[in-house]
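Observations on the three-dimensional arrangement
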Amino acid sequence: MSVFELDDHSRTIIHIDLDCFYAQVEMNKNPNFRSVPLGIQQKNIVVTSNYKAREFGIKKCMLIAEAKKLCPNLVLANGEDLHDYRQTSYKVTNLLQKYSHLVERLGLDENFVDVTALINEKLKKSSDVEVVGNISGDSSEKCDCGCTERLTMGTVIAQEIRDLIKNDLNLTTCAGIAHNKLLAKIVGSRHKPDQQTVVFPNSALELMLSLDCLTNIPGIGRTTFEQLESVGIKTIEDLQNGGVKKLEPLLGADKARIIHNFSYGIDKSQVKPTGKPQSIGLEDSCKSISVEKEVRNKLEQLLNRLLLLVAEDGRIPKTIKLTVRKFNKENKVSHRETRQSNINPSLFSNQSANKTKIMTTIMHLFNRIIDVKKPYHITLLGLSFTKFQEPPNLKNSVASFLRRDLEVQSVISIESQNGVDEPESPVPSTSSVELKDVESPSPSPSPKKLKLSNLVTKKRCFEDYYEDCESPSKLKVADLCLESVSCPPDADQDVFKELPLEMQKELWEDYKRRRSAEMNLCSSQVKKPKPNTLLNYFIRNN
Ligand code: DCP
Ligand code: MG
Ligand code: MG
């Protein structure tokens, strides 16, 4: 079977790489740097430079002395503190997560985004689009699996993403669009800066053969290169012709197969999400809005888009936050205010969210920020969902039993987050749609809530244990036991029954300790937990 018959074109991957990343961050901090050749200095090396400096032949990792010879007017900015780069890097990833939950970070300035789901959605509505940006190779020969349409739509989305990064963060990027990660990364660097390039599968081989050096293939570093060279493999063709068998003794079976596939532009690796975002939000700046109906329209539009993103994410939000930027015509100053409220998870049923009720909540929040009886000018509206819970298929699991306390944790953390600039309403642990008056002081958490939050760590270990179980039968040990243990009243009885006796005992003991601590709280005679706690038990088991 030909290696190409194993290839799969069903995905669309976008690789995004920021242009002269550190230099762009510095130019945003100090716009005077834009008009000069700028090098970013770490020790005696220029780690990167802006494109003006590159015109003088300055390359990454060049010695300062050498760079100065090439460009005596080179301005240097110190780039040893990575804080701002890291922060900007995460802002970029957060923006990308609006397009797909499959976003994988690679270093500080690169991300892969798998936009397959979004593209399939968009193609249902219209496939009448043209390629945006550059095309690698000849695109006249088309594959009939639908990848041409998908990748073409991918170029439209890549442009949208790049525009968003430019508008929101003032950063230019390059993008590569392809049906796998390897090709997306390679093709993205074909046209720089501030450009994008797509490669269709029929041009993949040509793209691979055009690489000057094996080290241009991601995954082939200096060591692998030397290993390959030692057996006479110096070019992509050598790699292809040598076959997997020749590579295996050098690289091991797995790596040999991967590298051999790479030489043909084949890469089956998935975009592995780098953790889910803590909030999913959208903002829209606008010309001054002063009428409530317009505000509602804008917010409805935002909510519709946001609900699509939440549906794709799969988690159920528990809190909604509204951001409003107000413009004060007298002193010509803008400032942002936010308010948040919890929302009932049941508003997000299996198929669709109850938009009307969510809008009611949002408009309540709006009326807390803006007194609509007085004139106002709004120049930005934003909505975001924060605090998520997993979808209901986890209900009745040990995790859901444990999650009861996690809910309480979120109350405490939000209370402690209440800032001076952006007052936010504390989120009650009840799940109905409620609005707390943000002007009123935050209620201090009750001793019980605080105590429950202490169990969170314990619960996490518990969840880890659950996930680590090789088979659910481990949890059925309790079924075999004749001895029975009382179920704490705040636990889910069904789940409790499923737990091993050891855990049941620990939970019961824990409940008794909490009860007794509560009783003794006023007299400050809380008994210390005994050293051999549930936590220890699980740490040992992990
Ligand atoms: N970097 C570094 N050391 C290196 C290479 C890069 O510290 N040897 C830092 C500086 C870069 C950032 O990482 O700004 C991203 O690396 P890139 O290779 O993507 O380079 P740039 O983004 O600077 O430039 P380009 O426009 O070529 O992507
Ligand atoms: Mg870069
Ligand atoms: Mg990079």
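Residues numbered from 1 in each chain as written. Chains lettered and ligands numbered in written order. Predicted model: local features only at pLDDT ≥ 70, side-chain atom pairs only at ≥ 80, totals over all residues. Heavy atoms only, no water.

Selection rule: UniProt positions are given in the numbering used here, feature names are shortened, and annotations may be inferred rather than shown by experiment.
Within an unreviewed UniProt entry, the label attached to the protein reads IMS and/or HHH 5 domain containing protein, and the organism entered is Asbolus verrucosus. Its UniProt record gives the protein the following Sequence similarities (unreviewed entry) comment, quoted word for word: "Belongs to the DNA polymerase type-Y family."

1. Looking at the coordination of the magnesium ion (ligand 3)
Where we set the bar: Only nitrogen, oxygen and sulfur atoms qualify as donors, provided they sit within 2.8 Å of the metal or within 3.2 Å for Na, K and Ca; with water excluded from the atoms, sites may seem incomplete. Strands here are runs of E lasting at least two residues and helices are runs of H or I lasting at least four, both read from the DSSP assignment and numbered beginning at the N terminus. The classification of residues rests on relative accessible area computed with a 1.4 Å probe and restricted to protein chains. Under 20% of the type maximum is buried, over 50% is exposed, and intermediate values are partly exposed.
Within the protein, D17 (OD), D109 (OD) and E110 (OE) serve as the donor atoms for the magnesium ion (ligand 3), at 2.2 to 2.6 Å. One chain supplies every donor for the magnesium ion (ligand 3), spaced along it as D-x91-D-E. Separating the magnesium ion (ligand 3) from the magnesium ion (ligand 2) is a distance of 3.4 Å, and D17 supplies a donor atom to each of them. Of this pair, D17 sits in strand β1 (residues 13–18) while E110 is found in strand β7 (residues 110–114), placing the two residues 93 residues apart along the sequence. Here E110 falls in the buried class, since its relative accessible area comes to 13%.

2. Examining the side chain of R105
Rules: His is not counted, nor are the chain ends, whereas Lys and Arg count as positive and Asp and Glu as negative. A pair is scored as a salt bridge if a Lys or Arg side-chain nitrogen falls within 4 Å of a carboxyl oxygen belonging to Asp or Glu. Polar contacts here mean pairs of N or O atoms no more than 3.5 Å apart (in protein, one a potential hydrogen donor and the other a potential acceptor; neighbouring residues in sequence count only if both atoms are side-chain atoms). Here a residue-residue contact requires only that any non-hydrogen atoms of the pair lie within 4.5 Å.
Mapped onto the fold, R105 is located in strand β6 (residues 103–106). For the buried R105, which has no salt bridge, the nearest side chain bearing the opposite charge is D109, at an N-O separation of 9.3 Å. One polar contact links R105 to T93, side chain to side chain, over a distance of 2.7 Å. Those residues within four positions of R105 in sequence are excluded, and the remaining contacts are S89, Y90, T93, E110, N111 and T274.

3. Thoughts on the sheet that holds strand β2 (residues 38–42)
The criterion, for reference: Pairing between strands is defined by DSSP: at least two bridges between the two strands are required. Axes here refer to lines fitted to C-alpha atoms; in helices the fit is confined to the stretch in contact. Angles between the N-to-C directions go from 0 to 180 degrees.
Read across the sheet, four strands follow the order β4-β3-β2-β5 without closing on themselves; strand pairing throughout is mixed. Edge positions in the open sheet fall to β4 (62–63) and β5 (75–78), since each of these has one partner strand only. Where helix α1 (residues 21–29) meets the sheet, it contacts β2, β3 (45–49) and β5, and its direction lies at approximately 110° from that of β2.

4. A look at helix α12 (residues 292–313)
Formally: To estimate how far a helix should reach, multiply one less than its number of residues by 1.5 Å.
The end-to-end C-alpha distance of α12, which contains 22 residues, comes to 31 Å, matching closely the 32 Å that a straight helix rising 1.5 Å per residue would cover. Along α12, the residues that are buried comprise V295, K298, L299, L302, L303, L306, L307, L309, V310 and D313. As for α12, its buried residues are in contact with β11 (279–289), β12 (316–328), α13 (355–369) and β14 (378–389).

5. Quick notes on the sheet that holds β6
The mixed open sheet is built from six strands, whose spatial order is β6-β7-β1-β9-β10-β8. Each having just a single partner strand, β6 and β8 (134–136) make up the two edges of the open sheet. Each neighbouring strand pair of the sheet contributes to a mean axis angle of 20°, computed without reference to strand direction. Pairing of β1 with strand β9 (residues 173–178) involves six bridges; the strand directions are antiparallel. The residue of β9 that forms the bridge with I13 is A178.

6. Some details on the nonpolar core
The condition is simple: To qualify as a nonpolar core, a set must consist of buried Ala, Val, Leu, Ile, Met, Phe, Trp, Tyr and Cys residues joined through side-chain atoms within 4.5 Å.
Residues I14, I40, L96, I157, I161 and I165 are the most contacted members of the largest nonpolar core, which totals 36 residues. When contributions to this core are tallied by element, the ones reaching two or more residues are β1, α1, β2, α4 (83–96), α5 (116–125), α6 (147–169) and β9. Counting residues per element, this core draws most heavily on α6, which supplies seven residues. Contact partners of I165, with chain neighbours within four places excluded, come to I16, V92, L95, L96, N170, L171 and T173.

7. Remarks on the coordination of the magnesium ion (ligand 2)
Let me state the cut-off plainly: Note on geometry labels: four donors, all angles 85 to 135 degrees, give tetrahedral; four donors become square planar and six octahedral when opposite donors are over 155 degrees apart and every other angle is between 65 and 115; remaining cases are irregular.
Distances from the magnesium ion (ligand 2) to its protein donors, namely D17 (OD), L18 (O) and D109 (OD), fall within the range 2.0 to 2.2 Å. Each of the six donor atoms around the magnesium ion (ligand 2) contributes to a set of angles spanning 79 to 170°, which defines the coordination as octahedral. Of note, the donors binding the magnesium ion (ligand 2) are all from one chain and are spaced D-L-x90-D. Overall, the relative accessible area of 22% leaves D17 in the partly exposed class.

8. Remarks on helix α9 (residues 222–230)
Cut-off, in case you're wondering: This arc is built from the directions going out from the helix axis to the C-beta atoms.
Within α9, burial applies to T224, F225 and L228. Axial view of α9: buried residues confined to an arc of 105°, hence all on one face. Of the exposed residues in α9, those oriented more than 90 degrees away from the buried face are R222, T223 and S230. With its phi angle positive at about 85°, G232 sits one or two positions after the end of α9.

9. Some words on the packing of α4 against α6
Applicable threshold: For classification purposes, an angle smaller than 35 degrees is called roughly parallel, one larger than 145 roughly antiparallel, one from 65 to 115 roughly perpendicular, and anything else oblique. Should the near helix be turned anticlockwise from the far one by less than a right angle, the crossing is left-handed, and should it be turned clockwise, the crossing is right-handed.
Packing of α4 against α6 brings their axes to within 10 Å, and their N-to-C directions diverge by 135°. Compared by their axis directions, α4 and α6 come out oblique. Where α4 crosses over α6, the handedness of that crossing is right-handed. Side by side, α4 and α6 meet where K91, V92, L95 and L96 of the first sit next to I161, L164, I165, D168 and L169 of the second.

10. Details of the state of the cysteines
The line we're drawing: When two cysteine sulfur atoms lie within 2.5 Å, the pair is treated as a disulfide.
Scanning the entire structure with this criterion turns up zero disulfides. Free of any disulfide, C143 has its nearest neighbouring cysteine sulfur in C145, separated by 3.6 Å. Classification of C143 as partly exposed rests on a relative accessible area of 28%.

11. What about the site of ligand 1?
As a reminder, the rule being used: In these notes, residues near a molecule or strand are those with any non-hydrogen atom within 4 Å of it. Note on areas: Shrake-Rupley, 1.4 Å probe, and residue coverage restricted to the protein chains presented here. When residue character is reported, Ala, Val, Leu, Ile, Met, Phe, Trp, Tyr, Cys and Pro are called nonpolar, Asp, Glu, Lys and Arg charged, and the others, Gly included, polar.
The immediate surroundings of ligand 1 are formed by 14 residues, with C20, T48, Y51, D109 and K192 found nearest. Within the contact set of ligand 1, an oxygen atom lies 2.7 Å away from a side-chain nitrogen or oxygen of Y51. Here ligand 1 has 550 Å² of accessible area as a free molecule, and 76% of this is covered by the chains. Those elements giving two or more residues to the shell around ligand 1 turn out to be β1, α1, β3 and α2 (51–54). Grouping the constituent residues of the shell around ligand 1 by class yields seven nonpolar, one polar and six charged.

12. What about the environment of F262?
In this fold, F262 is placed in helix α11 (residues 253–263). Placed 54 residues apart in sequence, F262 and M208 show a C-alpha to C-alpha distance of 8.4 Å. Apart from residues lying up to four places away in sequence, F262 is in contact with L182, M208, I217, P218 and D267.

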